[in-house]
Each structure stands twice: as C-alpha cells, then as structure tokens.
Amino acid sequence: MVLVLAAGGVFFPGLFLLSRRGLRELPGLRWEEPDAVIVSARLVSSVQAILASTAGYVVASTCKDVIEDRHWLAATYTQFAVPYFIYDIYAMFLCHWHKYRVKGHEGCSQSTVTLAKCYLKKEFLMVLHHVFMVAVCFPMSVLWREGKGDFFLGCMLMAELSTPFVCLGKVLIQYKKQHTMLHKVNGFLMLSTFFACRILLFPYMYWAYGQRVGLSLHQVPFSIPMEYNLGSAILMAPQVYWFFLICRGAYRLFMHPKPGKREPTLKNGHTADSMATTTATDSMPGSIDLRPID
C-alpha cells in the first residue's frame, strides 16, 4: 500500500509540474505563469478523472456478484488516488492565488494569509469534500469493508466521468469562449454525465443490491443498516447541490445568451472579467459559465 500511495504522490504533482513547465518553456507557447498553473491543474484533474472512471468501469463490469466479487483495481486505484486529493487542495489554492493577482478583485489583499482565508471561505465545500475523501472514505474503503463490495466502489469511481467536461468548460470560460458552440456542446455533455454518474448513480447502486437479494428499489433503504443510508445521503447531498448550480447555469446560458463586450486585454488574450467569471464557477466540480458576462 505504501508503494502505491507513494506512486500517486509522485505522479499527480509531477504531472502538474511537467505540464506547467512545458506550457511556460516550449517554443510557440511561452505562457504566463497564471495561465500555465490554471490549465495544468485542469489537465491533472482530467487525467485523474479518466483514470478513475476507467478503473471504475473495469471493476464494476467485472464484479458480477455486487457483494462478494473482488478486483485488484478497486483497492489499488483508491490508494493511488489518495495523494491526488491532497495535492488538489494545494493546486486549487495556487489557482485562486493567481486569479486574485488580477486587478479588479476587491475584498482580498495580496497577503498570503488573507488569500488563504478567502480561498477556504470560497472553496469550503470542495475542500471539505477532499478532506472527507481522504479522512473518511479512504479508511472505509481499505479497512472497514473487509474486501467486500468492490462493485460499489467501482461505481463510485465512475462518478469522475463528468470531470473532464467540467475542466474543459472552465478553460473555455478562461479564454472567453463561453458563447461558442463548443462550450454549449461541452456543457450538454457535462450536464448529462454529471446527472448519470453522480445523481442516478445512487439509485442504481440500491437497485443493483436489490437485484442480488430479491428486493425492489424502494425496499432496499429499509433493509440495510441506517449508516449505509446516512453515508449515501452525505455523499449525494453536495452532488445534488452542484447539479442544481449547473442546471441554473445552463438555463442562463441557453435562454439568456449575451455577447461579450470588448475589454482591455491583460495576458494571453485574457481580460479581468473573463478570469473573474472563471473564479466564480470554481466552487463546484462542474460549471458551464453560470452567468452571461455583463
């Protein structure tokens, strides 16, 4: 387990550093530091999501018995991904710090301590999610379940399927492309995958368990220990909240589109408003520009 944890601790930060350096130093790119940091963070999140959803699909499709069947990827990838959540807390802070260096942001000084407080206030739910994954979900998945339920762990890993679309949406917002067809198509795909893999996921797992024990879907919650229902509710609650924000953003984008105004260019074609708009969407794992830019 230690070797797998160490591998994840090297892979995710290493990929971030490699991507940032490439975007800054490769001929023809030479990006500014803020842009390189933000895009590199999105890239690492997308890679982790692809790895997680692929591993989850392999595990879930292999385990025919949802309780007893086992697959080595279930425990191994869970251990490998733990360092990602720790790294991502810091990566999100770096993104936050670079965005607030842009003029026009009020309420936060350039003090690192003040920015850290603003970051924790703004990203509290996401940071809490990451801490919960490391401090609660990881010990439960490795120790408490005693090798049972790999199918359900695989299903949970597939919840990451929507993340690449989330990351692409944020990059498109960063580059003022939120009124393009690509952004709208990406938003539709993100909305669909988020709903299927993060909302319908929980009823599906209840249904799959019911099929094994001969119960209908509505009978399952009353036949399992209450802590299982409580755990599912805790995991599902932020997903429902984020999905509501995504739907609200989709409605505003498709029903009230506004062409962006010309604004003073800062770096690499960015404007203060474009980066501020991206900042406003980072508190959820999915966003397709929640407001037209005024």
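From a predicted model like this one, the values you see are computed outputs, not experimental measurements. (Residues numbered from 1 in each chain as written. Predicted model: local features only at pLDDT ≥ 70, side-chain atom pairs only at ≥ 80, totals over all residues. Heavy atoms only, no water.)

J.: Which residues make up the UniProt feature "transmembrane region" (unreviewed entry) in the protein chain, and what values go with them?
T.: Within this numbering scheme, the UniProt entry marks residues 124-145, 151-173, 185-209 and 229-251 as carrying the feature "transmembrane region" (unreviewed entry). As a span, residues 151-173 carries 78% helix and 0% strand, and end to end its C-alpha atoms are 36 Å apart. Segment residues 229-251 splits into 100% helix and 0% strand. End C-alpha atoms: 32 Å apart. (UniProt positions renumbered as here; feature names shortened; annotations may be inferred. Helix = DSSP H or I, 4+ residues; strand = E, 2+ residues; numbered from the N terminus.)

J.: Tell me about the confidence of the model for the protein chain, and please be specific about residues and values.
T.: The predicted model of the protein chain has a mean per-residue pLDDT of 82, with 84% of residues at 70 or higher. Within the model, the stretch residues 260-283 combines pLDDT values under 50 with 62 contacts to residues more than four positions away or in other chains. Taken as a whole, residues 285-294 scores under 50 in pLDDT and shows 47 contacts with residues more than four places along the chain or in a different chain. (pLDDT = per-residue confidence, 0-100. Contact = heavy atoms within 4.5 Å.)

J.: Could you give me a rundown of helix α5 (residues 124-144), with the residues and numbers involved?
T.: Residue methionine 133 marks the point of greatest curvature in α5, where the axis turns by about 35°. Taken as a whole, α5 has its buried residues at Met126, Val127, His129, His130, Cys137, Phe138 and Ser141. Next to the buried residues of α5 lie α1 (2-25), α3 (72-99), α4 (112-122), α6 (150-157) and α10 (226-255). Directly beyond the C-terminal end of α5, a positive phi value near 55° is found at glutamate 146. (Bend = angle between axes of the 7 residues up to and from the residue. Buried < 20%, exposed > 50% of the residue type's maximum accessible area, 1.4 Å probe, protein only.)

J.: Summarise the environment of alanine 7; cite the residues concerned and give the values.
T.: Relative to the helices and strands, alanine 7 resides in helix α1. Take alanine 7: its relative accessible area is 34%, and that puts it in the partly exposed class. Separated by 76 residues in sequence, alanine 7 and proline 83 place their C-alpha atoms 8.8 Å apart.

J.: Tell me about the state of the cysteines, residues and numbers included.
T.: Cysteine pairs can be linked by a disulfide, which is a covalent bond between their two sulfur atoms. Scanning all chains against the criterion turns up zero disulfides. Cysteine cysteine 95 is unpaired, with the sulfur of cysteine 167 as its nearest cysteine sulfur at 10.0 Å. In this structure cysteine 95 comes out as buried when scored by relative accessible area, which is 4%. (Disulfide = S-S within 2.5 Å.)

J.: Just give me the short version of the side chain of glutamine 79, but keep the residues and values in it.
T.: Looking at the secondary structure, you find glutamine 79 in helix α3. Given the relative accessible area of 10%, glutamine 79 is considered buried. In contact with glutamine 79, not counting residues within four places along its chain, are Met1, Val4, Leu5, Phe138 and Val142.

J.: Just give me the short version of the environment of valine 82, but keep the residues and values in it.
T.: Here valine 82 is to be found in helix α3. Leave out the neighbours within four places in its chain, and valine 82 touches Leu5, Val134 and Phe138.

J.: So what's going on with the nonpolar core? Residues and values would help.
T.: If you look at the biggest cluster of nonpolar residues, it comprises 35 residues, and the most contacted ones within it are Phe12, Phe16, Val44, Tyr77, Tyr87 and Phe151. Put simply, the parts of the chain that give this core at least two residues each are α1, α2 (33-62), α3, α6 and α9 (201-213). Of all the elements, α3 adds the most residues to this core, at 11 residues. The contact partners of phenylalanine 12, leaving out residues within four places of it in the chain, are Val44, Gln48, Tyr77, Phe80, Ala81, Tyr84 and Tyr87. By size, the runner-up hydrophobic cluster in this structure holds 15 residues, among which are Met92, Met190, Trp242 and Phe243. (Core = buried A, V, L, I, M, F, W, Y, C linked by side-chain atoms within 4.5 Å.)

J.: Before we move on, could you go through the packing of aromatic side chains and cite the residues and values that matter?
T.: Considering all chains together, one arrives at 15 aromatic pairs under this definition. Taking the centre distance of 5.1 Å and the plane angle of 80° together, the rings of phenylalanine 11 and phenylalanine 12 count as edge-to-face. Among the residues examined, phenylalanine 11 registers a relative accessible area of 33% and is labelled partly exposed. Accessibility expressed as a relative area gives 0% for phenylalanine 12, which makes it buried. Here phenylalanine 195 and phenylalanine 243 contribute two aromatic rings whose centre-to-centre distance is 5.4 Å and whose plane-to-plane angle is 35°, an arrangement assigned as tilted. Taken as a pair, phenylalanine 195 in helix α8 (residues 181-199) and phenylalanine 243 in helix α10 lie far apart in primary sequence, 48 residues in all. Given a relative accessible area of 35%, phenylalanine 195 falls into the partly exposed group. Residue classification places phenylalanine 243 among the buried residues on the basis of a relative accessible area of 17%. Put simply, the rings of Phe11, Phe12, Phe16, Tyr77, Phe80, Tyr84, Phe85 and Tyr87 touch in pairs and so form one group of aromatic residues. (Phe/Tyr/Trp six-rings, centres within 6.5 Å; stacked < 30°, edge-to-face > 60°.)

J.: Could you give an account of the pattern of salt bridges, naming the residues involved and the relevant values?
T.: Counted by the stated rule, this structure contains seven salt bridges. A salt bridge links lysine 122 to glutamate 123, with the shortest nitrogen-to-oxygen separation between them at 3.1 Å. Among the residues examined, lysine 122 registers a relative accessible area of 24% and is labelled partly exposed. Salt bridges sharing partners connect three or more residues here, namely Arg20, Arg24 and Glu33. (Salt bridge = Lys/Arg side-chain N within 4 Å of Asp/Glu carboxyl O.)

J.: Residue-level account of a nonpolar patch on the surface, with values.
T.: On the surface, a nonpolar cluster with roughly 390 Å² of combined accessible area is contributed by Phe124, Leu125, Leu128 and Tyr241. Ranked by the residues each element gives to the nonpolar patch, the list is headed by α5, at three residues. Topologically, leucine 128 is positioned in helix α5. For leucine 128, a relative accessible area of 43% corresponds to the partly exposed category. (Patch = residues over 30% accessible without salt bridge, like charges linked within 9 Å, V, L, I, M, F, W, Y side chains within 5 Å. Areas by Shrake-Rupley, 256 points an atom, 1.4 Å probe, with all protein chains shown as cover.)

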